[in-house]
Amino acid sequence: MAKVDPFTSEIVAQSLISASEEMFVAWGRTSQSTIIYEVMDCACGLTDAKGQLIGQASGVTGFLATLTYSVISALAKFGVEGLKPGDIILTNDPYTGSGTHLCDVSAVMPIFAGGELVAFAANKGHWNEIGGMALGSWTTDSTEIYQEGLQFPIIKAYEEGRLNEAVRDMIAANCRTPSMTVGDLYAQCASLRTGERRVVELCKKYGKDTVLASVNLILDQGEQLARQELARLPKGTFVVEDFFDTMARGIDHIPARCEVTITDEDFTIDLTGSGGQVAAPVNCARVGALAAARVAYHAIMNPKAHPNEGFYRPLKFVAPEGTVFTATRPAPVSCHWEPIGFVSDLVFKALAPVLPERITAGHFLSILGTILGGIGDSTGEPFVLCEPQAGGWGAGIDRDGQNGLVSIVDGETFVIPVEVAETKYPIMVEQYALLPKSGAGKFRGGYGLVRDYRLLNSRGELTTIVSRVDFPPWGVDGGGAGTGNGVEIYRHGEEEPYTGSTFARYPINKGDLVRLITGGGGGYGNPLERDQEMVKADVEDGYISVEEARDVYGVVLGADGSVDRAATQDARQKAAMTSKA
């Protein structure tokens, strides 16, 4: 292996990250689905010839392990000898490398330099339609994977640069929006070719051996950084037990257990003791749970570190087969993001008491994945609005929680802008606003959102699922619990809503309104210790009432809106005495 100086190695490292980001932008600019070009529900990166991650762009954090294992799956099936320049492999098999659900399609492209396999370009993103029993493909009432769409068992879509037309035709024949779905396939493959070009250019500029030596150094440096951070963490075993609540097919309150053990050498996440897989699409497969473990590990160790396989070497993931987090074929996995997010949340909850400077209180967790679709009155064609929702995050040891951010497993993704939603789909967004309810505390939780969709089409259907209903986001160190998520449907002309947490192709008619409600985050610290001026500002901003200021925070405001210091001191003393009693 060639020797390489640290300056060249750093240039190579940044070039690989830049190539990954260019892949990400290229895909977003060429995709036909709003879930990609607006929401950015995708991830792009590069691995070495063994499948070790060496660079990844921002995007869905829940895909953090899937690129690696998609490449490893391709290698396991075809071997190095079975891969040629120009090949592009597709997989969405949740139980092997893909790790999530069938709508999330992984694509892998081998990269050759000087006739040698030197790297892979890999990406993964949500296809709006891939067939199955439900419009939009994912659903909340499937009982086995076969109902959830077309499966790609690690197949070549392109062979030596030539499109496998049989694969394309099969995709088009099995989905409701063939033009859009095939267009997304082409865009995804264009993204891979962007990464291939940049790696080949890098090898030509610095020499293949120098690039490969730099990659090895990058991985070792990633491990070195991780071990430096590991040394700063408290050592021991930290256990948390909780319930994963969702009403998919009437199944709720699945027990979950997480044991986090930190030593001088390892950071181990063990999910042994969690509930078994269920006949409802709220399972995830092992690679998905591993991705969630990486998300939590990365956020705790050093959120600013660039992701690469070396950085994850100290992480050990343990879980028996067949749990709700490690489901096996043919368990349904449509709503995989719910258990995946819960894995990250368990790790944070276990470590929050001992890492107050690194972990906030619980957040709304559920992304409220939403499909609003039907057959357009004016077009006669299917329309599928598919998006996540944003909500409130938990407070930290020195700050209030963030308002209206996407869930931890969604990473750098977005909601569909109101203008785009109203232009592209037969709906009207009648409200999109903060919902000022969250966990009280010295620092309060961030606020969730409320989003109203009025259907303008004659008919439509709603599919959505929420968790954190019966078990709201947790507070820390005396902070209050946050608020739950929910869905309300107002029939046209009726004042009382129909409420629920799980809907599968629920029929809605013209004029009906769908209200999506995301929860507020947990609070941090005793509410009676909140700065009086911060309480006053919350009242002025309309976030809390004068009565809430007095009853929850012990802050009494005068007729002119100023803080009555004497009355506040008396109120807080009485509240503290009552609490102790």
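Source: prediction; values computed, not measured.

Mapped onto the fold, His-363 is located in the loop between helix H8 (337-351) and strand S12 (370-375). Polar side-chain contacts of His-363 include one of 3.2 Å to the backbone nitrogen of Ile-408.

Scanning the entire structure with this criterion turns up three cavities of 30 Å³ or more. Computed from the structure, the largest cavity encloses a volume of approximately 210 Å³. The wall of the largest cavity is formed by 22 residues, among which Asp-41, His-336, Trp-337, Ile-367 and Asp-410 lie closest to the centre. For the lining of the largest cavity, the elements supplying multiple residues, two or more each, are H8 and strand S13 (382-387). Counted by class, the lining of the largest cavity contains eleven nonpolar, seven polar and four charged residues. The computed volume of the second largest cavity comes to approximately 50 Å³. Taken together, Leu-16, Ile-54, Val-118, Ala-119, Val-199, Cys-203, Val-211, Leu-212 and Val-215 make up the lining of the second largest cavity. Mapped by element, the contributors of at least two residues to the lining of the second largest cavity are strand S5 (116-126), helix H5 (178-206) and helix H6 (208-232). Among the elements that take part in the lining of the second largest cavity, H6 stands out by supplying three residues, more than any other. Among the residues forming the lining of the second largest cavity, the class breakdown is nine nonpolar, no polar and no charged.

Turning next to the pairing of strand S9 (residues 254-262). Burial of S9 is one-sided: the residues Ile-254, Ala-256, Cys-258, Val-260 and Ile-262 facing one way are buried, the residues Pro-255, Arg-257, Glu-259 and Thr-261 facing the other way are not. Relative to S9, strand S8 (residues 236-244) runs antiparallel, the two sharing nine bridges. Within the sheet, the bridge partner assigned to Val-240 lies in S9 and is Cys-258. Sheet analysis places S9 next to strand S10 (residues 267-270), joined by four bridges and oriented antiparallel. Following the sheet pairing, Glu-259 is matched in S10 by Asp-270. Joining the antiparallel neighbours S9 and S10 is a turn of four residues.

Counting across every chain of the model gives 37 salt bridges. Across the pair Glu-265 and Arg-227 runs a salt bridge, and its minimum N-O distance is 3.9 Å. Placement of the pair is Glu-265 in the loop between S9 and S10 and Arg-227 in helix H6, with a sequence separation of 38 residues. In the salt-bridge network here, residues are joined through shared partners; they are Asp-220, Glu-223, Arg-227, Glu-265 and Arg-313.

Let us now look at the layout of surface pockets. The space that makes up the largest pocket amounts to roughly 1,200 Å³. Taken together, 44 residues form the lining of the largest pocket, with Thr-61, Ala-299, Pro-303, Trp-393 and Ile-408 sitting closest to its centre. If you list the elements that add at least two residues to the lining of the largest pocket, you get helix H1 (6-30), helix H7 (286-301) and H8. Counting residues per element, the lining of the largest pocket draws most heavily on H7, which supplies four residues. Of the residues that constitute the lining of the largest pocket, the class distribution is 20 nonpolar, 15 polar and nine charged. In this structure, the second largest pocket spans a volume of roughly 320 Å³. Around the second largest pocket, the lining is made up of 15 residues, and of these Thr-379, Pro-382, Phe-383, Lys-424 and Tyr-425 lie nearest the centre. Top contributing element to the lining of the second largest pocket by residue count: S13, with three residues. Residues that form the lining of the second largest pocket fall into these classes: six nonpolar, six polar and three charged.

With that settled, consider helix H3 (residues 66-78). Helix length check: H3, at 13 residues, gives a terminal C-alpha distance of 18 Å against a target of 18 Å (1.5 Å per residue), a fit within 8%. By the burial criterion, the buried members of H3 are Thr-66, Leu-67, Thr-68, Ser-70, Val-71, Ser-73, Ala-74, Leu-75 and Phe-78. Positive backbone phi, approximately 70 degrees, marks Gly-79, located one or two places after H3.

The subject of this paragraph is the sheet that holds strand S16 (residues 459-465). Pairing within the open sheet is antiparallel, and its four strands lie in the order S13-S12-S16-S19. Among the strands making up the open sheet, the edge pair consists of S13 and strand S19 (502-509). This sheet shows a mean twist of 15 degrees between the axes of neighbouring strands, independent of strand direction. Alignment of S12 against S16, held across four bridges, turns out to be antiparallel. Looking at the pairing, Ile-371 lines up with Thr-463 of S16.

Conventions used here
- Residues numbered from 1 in each chain as written.
- Predicted model: local features only at pLDDT ≥ 70, side-chain atom pairs only at ≥ 80, totals over all residues.
- Heavy atoms only, no water.
- Helix = DSSP H or I, 4+ residues; strand = E, 2+ residues; numbered from the N terminus.
- Polar contact = N/O pair within 3.5 Å; in protein donor to acceptor, adjacent residues only side chain to side chain.
- 1 Å grid on protein atoms, 1.4 Å probe; cavity = no way out; pocket = protein on both sides within 12 Å on 5 of 7 lines; lining within 4 Å.
- Points joined across faces, edges and corners; volume = space filled by probe spheres on them.
- Nonpolar A, V, L, I, M, F, W, Y, C, P; charged D, E, K, R; others polar.
- Buried < 20%, exposed > 50% of the residue type's maximum accessible area, 1.4 Å probe, protein only.
- Pairing = 2+ DSSP bridges.
- Salt bridge = Lys/Arg side-chain N within 4 Å of Asp/Glu carboxyl O.
- Expected span 1.5 Å × (residues − 1).
- Axes fitted to C-alpha atoms, helices over the stretch in contact; angles between N-to-C directions.

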